[in-house]
Structures are given as structure tokens and as C-alpha cells.
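# Chain and residue survey
Given next are the chains, with one letter for each unit.
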Amino acid sequence: PLAGKQVFALAGTLRPETMCGQTNAWILPEGTYGAYEISPTVVYLCAARAARNMSFQDIFPKWGEPKLLLTFKGEQMLGAAVKSPLTPYDRIYMLPLTTISMTKGTAIVTSVPSDSPDDYAAFMDLKNPKKREFYGVKDEWIDPFELVPVLETPDLGPLSAKFMCEKLKVQSQKDVEKLKEAHDACYTSGFYKGVMTSGPFVGMTVQEAKVKTKEKMVKEGEAITYLEPENLVTPRSTPDVECVVALVDQWYLKYGEEAWQAAVGKHLEKDLECFNPAVHKLFREALAWLGDWACSRSFGLGTRMPWDEAFLIESLSDSTIYMSYYLVAHLLQGGNLYGKETGPAKITPEQCTEAFWDCIMLGKPYNPSLGLKKELVEKLKREIEFWYPMDLRVSGKDLVPNHLTMSLYNHAAVWADRPEMWPRGFFCNGHVQVDAEKMSKSKGNFITLSGAIEEWGADATRLTCADAGDGTDNANYNRVVADRTILALTTEMEWLSSTLSGSGKDTKLRAKGAPKVWLDAWFENEMIRLLHLTAEGYRTIRFREALKTAFYGMQDARDKYRTGTAQIGALQELVQQWGEWQALMMAPITPHWCEEIWEIVGGKGCVVRARWPTPRQEDPKISAAGQYLFGLTHALSTAVVNKDKKSKGPQGPKPNQVNLYLASSFPRWKVLVLELLLAHFDAATKTVDEKVMPMFKSHAELNSFNKGKQVAQFAAQMRDEAKEKGASAFALKMPFDEAAIIEENREYLGSTLGLLGIKAIHLYTGY
């Protein structure tokens, strides 16, 4: 049935600008393909799902009925020579790829291994003779073909796929997770930073070339535009029948139009606060693919198209700037949800003309032809000018690719000359789980807000919600945390009350006039550090991070201070400050508990009306010294406890003293390691370049010390430490006097180690 006909294998792509780098095409050997008649002389080869969609897009002669001539397995196309547009090769071959889905695109895929990590991994697999033999691939189908650079980026170079696969050590096309990471890096860098180095639009940015290449190929008859649902979509009435993308009479919003997209993109990069790099990335991706959007429908609820009342505006297109109406709704409707009565402004719907909205929403001058008093119109306008733009919109991450991106587009269109009226911030979150499982009535873990408050109370519920998680990951409401929170809040309140009143059994206050100790300064400095971190957590809407410092961090600091000053007592003013700041820092999360704490410390008025503290900045030297002291205490305690655990023979007597030897400097080999790590450290990401680790093996001076594995182990330890401390992890000297810190805190060390039987601590310096 194909004899004497022109046969086109329809290879699908989302990246037309990279077609100049094709080296082959991919097919699924075990997949079932079809040959469909377009005309008596033309046949298209593709998957059945694609053909069905195309038949509703005016590609086939008969609407909804693709004419199937025959079916065949993909393996029958293996090794078929094809001529492909834009590639520098006269012919390329069909090669096998086992990861192709028959329900995505046409199931025939273009291959550009210079730019696509998945293509690169599969292409290089077939360069291996043994793998070629396994798949039945002949040498001439793959050996003559090499990577064709198509674009270049400043960070990934001219062969981005090769660069990322080598960087991530991708071994084969089965390294799914690494390939996904490589794909995301290549696509993001290529789209936003790439410049074409091949094809008809050399020197043009990838974003520009993408559109122009598509237009050129379609115009010259080398490509057709094909649309399909992104995922499986089925109607409720017939769930066993998949929906298609059909070309019908329709109005479109031209999202993706060059100037419009550029304006939104500039706002996204410059002015929009996304609070999370992952959300920012989702918006960038949405801007990249969102194009013509069908904005009308013929039935249902909605607003009639002003210029074509046969159609309604579909809900997503009609719900992107409605929040601006809220600002005047109380004056126009007076609280009546359905707007059946006029509000305090006494303005009728008929008076809400386009000129009226232009005046109050867009800030155009008042015109007496509105038929309304100027004072009234100015009052409505003031509501808009005062409250807009919205500083924050909180929504689900699943709305980024549609509703939220459309909101940016539509604000940019309506307020085209006033970008200061565009949204300032979007915070996106995931869904809520209970005990790490999806909420379900059948599982018995379905919790309503009122049910949670009834069982745990408002504050314990709020704290558990804050603890559930930040960002776009699904939040996990842990009922164990909720149970424990009730006890924890009660215990903390009782401790503070008894301590400040002087009746506490486990914490005594220092006598008035008694001298201060080093731990007093550390405790005050630590509270300042935690306060600033908590403020940053709230500012960026990361409540879990704020909770970690405001509650757990403050508890930990108090516990260390209480232990360290057990003999001499804690300073009352510091305990008082701890209580006040604890109430202020936790008020956004547990307001009722904080009011009780505020009353205990004698705070004036309500804590929710109190000002946030504005202390000095933390002293990093004191912070570092504290980290050193408590780390040393932990290390010594662990060493004492584990002294004989690894010994197979009889256990010796328990140690009763500790000898500390302080070195004044690192040995030379460690200095070399630290200097190399620092030279290859990225302060922005707090990471060390991977290429530094192999350098240690070839470093002549380092090798002269014969330290063997110790070098790599020390380097790995300090590299990991830098993820938390930053560049200070590579400092060659402590920013404080180690000996002085130990001497000043002998009592603390003695009381801690004394519980383990240590009677004396000896300090030796100068090593």
C-alpha cells in the first residue's frame, strides 16, 4: 500500500531551533506504528494516538477519521535512511531508543546529542560495538556521525549535553536521575543564555531562533504544527475515551508574543519575589512554553466576549486580575455577594462603563461624562492606588504553569504603562499530608481545621503546621509533633515562671553583684543570632526555618547556658530577655502561648502589638567560639563514653582526667589542602569545585608527606564543613583564643564531663 507514495516519518520536537544538529532519529523497536494516508500520493508514519489528535487539527483529509493503511513494529524502521531538514548530513538513520513513549508526541523522536543529554547518552551507547550488536545496529548507521554544535552558553560551552554528562558522570542512558538533572541544566542554560552557532539563525539568541525556526520550517513545508494534551485527559462522562486537541472556532490570547513575553520575563527576573528558586524556575519554564491560549467556550458559566457574544470567556482566562476588583467591591456592592443591590457609592452597573474602569483602575483623568461626582470617583481611585499592587499572592504550585503566569501576562497587558502595578510576589506551596500519607477518609487520617483545633488547640496546631515543611514539597502534618507540642509549650511556660520567681528547682539565678562569665556574653550573642535568622525566615515565608531558630534554637541556647552556669547561676536579666524574645519570636506561630509568656515576663500590652527587637548584629567571633566550645564538649564526652567499646579485650579502668593538647597551627600538609580548597570554593553556593579533589593525588609537595588516604579524608571533611560555615571553614587560624575559651569555661567542661567520672582537665599549649 505504500508503493509509489511519498512517505514522511513524523518526528516530533519541542526544540525546532536545534534541528540543525540532528545525527539520527529515534524509534521504539517494540512499539506499534501506523501508516496514514494524507492524499493518494502522501503517507505519514506515526503513533496511533498522534494520528487521532492530528485528525482533529485539519491535518488529515477527513475530520476525526485518520485513514490507516497498515500497522508495523518500530523494529521494521530500524536502519531506515531518512532525509531530515536543516541537518548538515545528507541522510540520517532510524535508531533504537527504549525510553520512547508511544503516547507522547509521534513516538518518532529527533536526536540532537550535542544539546540533549538523553540523546547524547543513547548516542554514545551505540558508539560501543557490543551495544550496537545487541540492538542490531550496523556500523554505517552510527560511526560516520559526530556531534554537531548548535548553540553555545557561557557556562556549558558549545556541547552542553557532553559537558553535563561528563560532569555528572553519566554512564549510560539508564542513569535516569542524573540525565534529568543534566537535561534541566542544559535546557535552562540554553534557553536563557544560549546563542545559536549553527543553522539559519547563527548569532541569534535561542529564544528568538526557536520562534523563527518554527515559522521558517512551517512556511517552507518542512514541518507542521501538532498539538496534544500534555497528560492523559478523559471526560467524566466517558472516562475510557481520551480527549484530543481539536481545532474549532476559538478565540486565543497570544501568550508568548515576543514583546509581551519579554516584558513579563523582565518583571520575573527583576521585580517578582518568588521566595524559592524552584518556584522561580517553574515560572521561567512556564514563560518558555506558554503560547496561544484558547480563552473562549460556547457554554457554561462566565462572562460573554465583549466583541463576540456567541462565546464565553473560560474561567482561567477570566480570573487573573479579579483581585483588583476586591478593592472597590465594598463600595459598589456593599457586601452583597451577588451584586443585586448598589453599595454605599450608589453606582449602578450601567454606570460602570469602560471609561469608568479606565479612570479608577488605570489612573486616567476624571471626565464629567462619567455622570458621577468627581469626589466619588477619586475615592474609588484612591482605594486602587493605595492597595495595589498586591505584595503577595499565596497559591498552589500546580497553578504556576497556567493561572499565575497568566496573571503576570494580563497585569502586563492591562497596566502596560504602569509596571509598578504588577504583582510583587507569589508564594507557592505543595499539598498537605498527614503522617507522611495523603489525607483520606478511608485511611482515617482526614483532619479538618476545626477538628485539629478541637483536638490539639490553636497553638499546637499552628506550630505543627509550621513544622510541616516549607517550599513546594508536600507539607507533612505529624500528629506525634502535635501531641508533643502541647507538653512542650506547657513545660516551657512553667519553667520560665518558676525561674523568674526564684522557685525553680533546676535553674538558679545568680546573686546580685556576682561577676559575669564568658557564657553570659555567648548567650546574649546567640539570642541575637537566632533573632536575625528568625526574622529572615519570616521575611521569606519559611516558617519551618523560623520555627527551628525561634523555638528549638532558643531552647537549645537556653539549655546550654543553664548547664554552663549551673554552679554560679544564670543572670536574671538574660533569662528575662530570653523570655521576652521567645514570646516575640514565636508570636506569629503560637500567639496565645506567647501572650502568656509575655504576661510572665511583665510585658506591656499584648505581645502581638509589641515591636520586634532591634539589637546589634551578632559577633561572629563569639559565635565561632561557642560552636568550638560545645563541639569540644561533645567530642570529649563521646570519646570518654566510647573509650573501650572497640576493644576486644578486657575493659580498663574508666578515665578520671582529660589531657587537652592545643596546636598553634595546622601541619604543612593540612595547610596545603585548605589553601587548595579555598582557591576552588564558590562562596555563593558554598560548594567546592569537584575538579579540586583529583588535584591532591598529583600534588608533589602533598605527596612528599606520605599521608595517603588522610589527605582525601581531611579534604572531604573540610569541604562538607564549608557547606555550613562557608569560607571560614578553611581558615588557618581560629578567630579566637582557644586556650582562653577553655580556661574561662573550665567549670562548664568540668560539670559536663563530671557526670562521666572526669575529675580533672589538664590543658597543654604550644604544640
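Before any of the text, the structure's been laid out above.
Worth saying up front: this structure is predicted, and the values here are computed from it rather than measured.

Quick notes on the rules
Residues numbered from 1 in each chain as written. Predicted model: local features only at pLDDT ≥ 70, side-chain atom pairs only at ≥ 80, totals over all residues. Heavy atoms only, no water. Helix = DSSP H or I, 4+ residues; strand = E, 2+ residues; numbered from the N terminus. Buried < 20%, exposed > 50% of the residue type's maximum accessible area, 1.4 Å probe, protein only. Contact = heavy atoms within 4.5 Å. Lys, Arg positive; Asp, Glu negative; His and termini not counted. Charge placed at Lys NZ, Arg CZ, Asp CG, Glu CD. 1 Å grid on protein atoms, 1.4 Å probe; cavity = no way out; pocket = protein on both sides within 12 Å on 5 of 7 lines; lining within 4 Å. Points joined across faces, edges and corners; volume = space filled by probe spheres on them. Nonpolar A, V, L, I, M, F, W, Y, C, P; charged D, E, K, R; others polar. Pairing = 2+ DSSP bridges. Axes fitted to C-alpha atoms, helices over the stretch in contact; angles between N-to-C directions. Parallel < 35°, antiparallel > 145°, perpendicular 65-115°, else oblique. Left-handed = near helix turned anticlockwise from the far one by under 90°. Salt bridge = Lys/Arg side-chain N within 4 Å of Asp/Glu carboxyl O. Phe/Tyr/Trp six-rings, centres within 6.5 Å; stacked < 30°, edge-to-face > 60°. Lys NZ or Arg CZ within 6 Å of the ring centre and 35° of its normal.

## A short note on the overall build of the protein chain
Within the protein chain one finds 25 helices and 24 strands. When the backbone C-alpha atoms are referred to their principal axes, the protein chain occupies close to 100 × 85 × 55 Å. Sorting the 767 residues of the protein chain into buried and exposed places 41% on the buried side. Residue pairs at least 24 apart in sequence account for 69% of intrachain contacts in the protein chain once pairs closer than 6 positions are excluded. Placing the 89 positive and 95 negative side-chain charges of the protein chain at their respective mean positions leaves the two points 4 Å apart.

## Concerning the layout of surface pockets
Of the pockets and cavities examined, the second largest pocket occupies roughly 1700 Å³. As for the second largest pocket, its lining consists of 48 residues, of which Ala-624, Tyr-628, Lys-725, Met-734 and Phe-736 are closest to the centre. Contributing elements (two or more residues each) for the lining of the second largest pocket: α16 (518–539), α17 (543–564), α20 (620–641), α23 (709–725) and α24 (738–744). Counting residues per element, the lining of the second largest pocket draws most heavily on α20, at eleven residues. Its residues assigned to classes, the lining of the second largest pocket comprises 22 nonpolar, twelve polar and 14 charged.

## Remarks on empty space enclosed by the protein
In total, this model carries two cavities of 30 Å³ or more according to the counting rule given. Looking at the largest cavity, its volume works out to about 50 Å³. Contributing to the lining of the largest cavity are Trp-495, Thr-507, Phe-523, Arg-558, Tyr-561, Arg-562, Ala-570, Val-575 and Trp-578. Counting residues per element, the ones that place at least two in the lining of the largest cavity are α17 and α18 (572–586). When residues of the lining of the largest cavity are assigned to their parent elements, the largest contribution, three residues, is made by α17. Roughly 30 Å³ of internal volume is contained in the second largest cavity. Forming the walls of the second largest cavity are Tyr-187, Thr-188, Tyr-192, Lys-281, Arg-284 and Glu-285. If you list the elements that add at least two residues to the lining of the second largest cavity, you get α5 (176–193) and α8 (277–289). Among the residues making up the lining of the second largest cavity, the classes are represented as two nonpolar, one polar and three charged.

## Describing unusual backbone geometry
Here the bond from Tyr-388 into Pro-389 is cis, since omega is 5 degrees, no more than 30 degrees from zero. Inspection of the secondary structure puts Pro-389 in the loop between α11 (374–387) and β16 (393–396). For Leu-86, which is not glycine, the phi torsion reads 75 degrees and is therefore positive. Note that Leu-86 resides in the loop between β6 (81–82) and β7 (92–96). What makes Leu-86 partly exposed here is its relative accessible area of 25%. The phi angle at Ala-436 is positive, at roughly 65 degrees, despite the residue not being glycine.

## Structural notes on the sheet that holds β7
As summarised here, the arrangement of the four strands in space is β6-β7-β2-β8, forming an open sheet in which the pairing is mixed. In this open sheet, the two strands that pair with only one neighbour each are β6 and β8 (108–111). Packing of helix α2 (residues 117–126) onto the sheet brings it into contact with β2 (24–27), β7 and β8, and relative to β2 it is tilted by some 95 degrees.

## Describing the packing of helix α14 (residues 458–467) against helix α15 (residues 479–500)
Contact pair α14 / α15: the axes reach a minimum separation of 9 Å and the direction vectors enclose 125 degrees. Between α14 and α15, the angle is such that the two are oblique. Of the two possible hands of crossing, α14 and α15 adopt the one that is right-handed. For the pair α14 and α15, contact is made by Asp-459, Ala-460, Leu-463, Thr-464 and Asp-467 and by Val-481, Ala-482, Thr-485, Ile-486 and Leu-489, respectively. When its residues are assigned to classes, the contact of α14 with α15 shows six nonpolar, two polar and two charged.

## Observations concerning the pattern of salt bridges
Taken as a whole and assessed by the stated rule, the structure comprises 36 salt bridges. Residue Glu-420 pairs with Arg-418 through a salt bridge whose shortest N-O separation is 3.1 Å. A salt bridge links Arg-510 to Asp-520, with the shortest nitrogen-to-oxygen separation between them at 2.7 Å. Highlighted residues: Arg-510 in the loop between α15 and α16 and Asp-520 in helix α16, separated in sequence by ten residues. Relative accessible area serves as the criterion here: at 8%, Arg-510 is assigned to the buried category.

## With respect to the side chain of Ser-407
With respect to the secondary-structure elements, Ser-407 resides in helix α12 (residues 400–414). Apart from residues lying up to four places away in sequence, Ser-407 is in contact with Thr-320, Met-390, Pro-423 and Phe-426.

## A look at α2
In terms of burial, α2 is a largely internal element, eight of the ten residues being buried. For α2, every residue scored as buried is listed here: Pro-117, Asp-119, Tyr-120, Ala-121, Ala-122, Phe-123, Asp-125 and Leu-126. Elements in contact with the buried residues of α2: β2, β7, β8, α3 (129–135), α4 (160–167) and α5.

## As for the environment of Ala-514
Tracing the chain through its elements places Ala-514 in the loop between α15 and α16. Ala-514 sits in the partly exposed class, given a relative accessible area of 31%. Between the alpha carbons of Ala-514 and Ile-568 there is a distance of 8.5 Å; along the sequence they are 54 residues apart.

## Overview of the packing of aromatic side chains
Applying the stated criterion across every chain yields a total of 37 aromatic pairs. Ring geometry for Tyr-628 versus Phe-736: centroids 5.3 Å apart, planes at 55 degrees, classification tilted. Of this pair, Tyr-628 sits in helix α20 while Phe-736 sits in the loop between α23 and α24, placing them 108 residues apart in sequence. When its relative accessible area of 15% is taken as the criterion, Phe-736 is described as buried. Ring centres of Phe-630 and Tyr-748 lie 5.6 Å apart, and the angle between their planes is 85 degrees; this geometry places the pair in the edge-to-face category. Of the two residues, Phe-630 sits in helix α20 while Tyr-748 sits in helix α25 (residues 746–754), which places them 118 residues apart along the sequence. Over the face of the ring belonging to Tyr-192 we find Arg-284, whose NZ or CZ atom lies 3.9 Å from the ring centre. Directly above the ring of Trp-495 sits Arg-558, whose terminal nitrogen or CZ lies 4.4 Å from the centroid.

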